[in-house]
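# Geometric and topological summary
If you want the building blocks of each chain, they are given just below.
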Amino acid sequence: MNNHDHMQDWNGYRDVLMSRVGEFAKLSPDSMKGLMMVEQGVTKSGLLDPKVMELIALAVAVTTRCDGCISVHAQKAISLCRFPLRSDPVRA
């Protein structure tokens, strides 16, 4: 067995997970509302760049070892971070 035989299809896993978010929301509406309030609160404040916020979310997902969270936040971080985090040149 090579090292890749045990790797999961992360894109498929994420797609299944995301297709079931509605089920989770029905089972635990307060939890879903809380997650949305946290995200919206940080976004509304404007204190964190969306790219930085997503990288923090990815770091939290990794430290909590949540496969679903890692797959979702990794994809979002990749899509947001295709460009540099800073728009102005770094001054020496």
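Predicted model only: the values in this text are computed from it and were never measured. (Residues numbered from 1 in each chain as written. Predicted model: local features only at pLDDT ≥ 70, side-chain atom pairs only at ≥ 80, totals over all residues. Heavy atoms only, no water.)

Looking now at the overall build of the chain. A count of helical and extended segments in the chain gives 5 helices and 0 strands. The proportion of buried residues among the 92 residues of the chain is 11%. If you sum the accessible surface of the chain, you get close to 7,600 Å²; carbon and sulfur atoms cover 62% of it. (Helix = DSSP H or I, 4+ residues; strand = E, 2+ residues; numbered from the N terminus. Buried < 20%, exposed > 50% of the residue type's maximum accessible area, 1.4 Å probe, protein only. Areas by Shrake-Rupley, 256 points an atom, 1.4 Å probe, with all protein chains shown as cover.)

For the chain, mean pLDDT is 83; residues scoring 70 or higher make up 82% of the total. Element-level pLDDT for the chain is lowest in helix 1 (residues 10–19), with a mean of 87, against a maximum mean of 92 in helix 4 (residues 50–63). (pLDDT = per-residue confidence, 0-100.)

Next up on the list: a nonpolar patch on the surface. On the surface, Leu48, Val52, Ile56 and Val60 cluster together to form a nonpolar patch covering roughly 290 Å² of accessible area. One can find valine 52 in helix 4. A residue is classified by how much of its surface remains accessible, and valine 52, at 31% relative accessible area, is partly exposed. (Patch = residues over 30% accessible without salt bridge, like charges linked within 9 Å, V, L, I, M, F, W, Y side chains within 5 Å. Salt bridge = Lys/Arg side-chain N within 4 Å of Asp/Glu carboxyl O.)

Let us look at helix 5 (residues 67–80). Taking 1.5 Å per residue, 14 residues should reach 20 Å; helix 5 reaches 20 Å between its end C-alpha atoms and fits that length. Listing the buried residues of helix 5 in full gives Gly68, Ser71 and Ala77. Packing partners of the buried residues in helix 5 comprise helix 1 and helix 4. (Expected span 1.5 Å × (residues − 1). Contact = heavy atoms within 4.5 Å.)

Pairing is possible between side chains that carry opposite charge, provided their charged atoms lie close to one another. Tallied over the entire structure, the rule returns 3 salt bridges. Between lysine 76 and glutamate 39 there is a salt bridge, with the nearest N and O atoms lying 3.4 Å from each other. Of this pair, lysine 76 sits in helix 5 while glutamate 39 sits in helix 3 (residues 29–45); the two residues are 37 residues apart in sequence, bridging distant segments of the chain. What makes lysine 76 partly exposed here is its relative accessible area of 34%. Look at glutamate 39 and you get partly exposed, because its relative accessible area is 36%. The salt bridge involving lysine 76 is made with glutamate 54; its shortest N-O contact spans 3.7 Å. One end of the pair, lysine 76, is in helix 5; the other, glutamate 54, is in helix 4, and 22 residues separate them in sequence. The exposure class of glutamate 54 is buried, given its relative accessible area of 4%. Among the ionic contacts, a cluster of salt bridges with common partners joins Glu39, Glu54 and Lys76.

It is worth spelling out the side chain of serine 71 at this point. Here serine 71 is to be found in helix 5. A polar atom in the side chain of serine 71 sits 2.8 Å from the backbone oxygen of glycine 68. Each residue touching serine 71, except ones within four places of it in the same chain, is listed here: Trp10, Tyr13 and Arg14. (Polar contact = N/O pair within 3.5 Å; in protein donor to acceptor, adjacent residues only side chain to side chain.)

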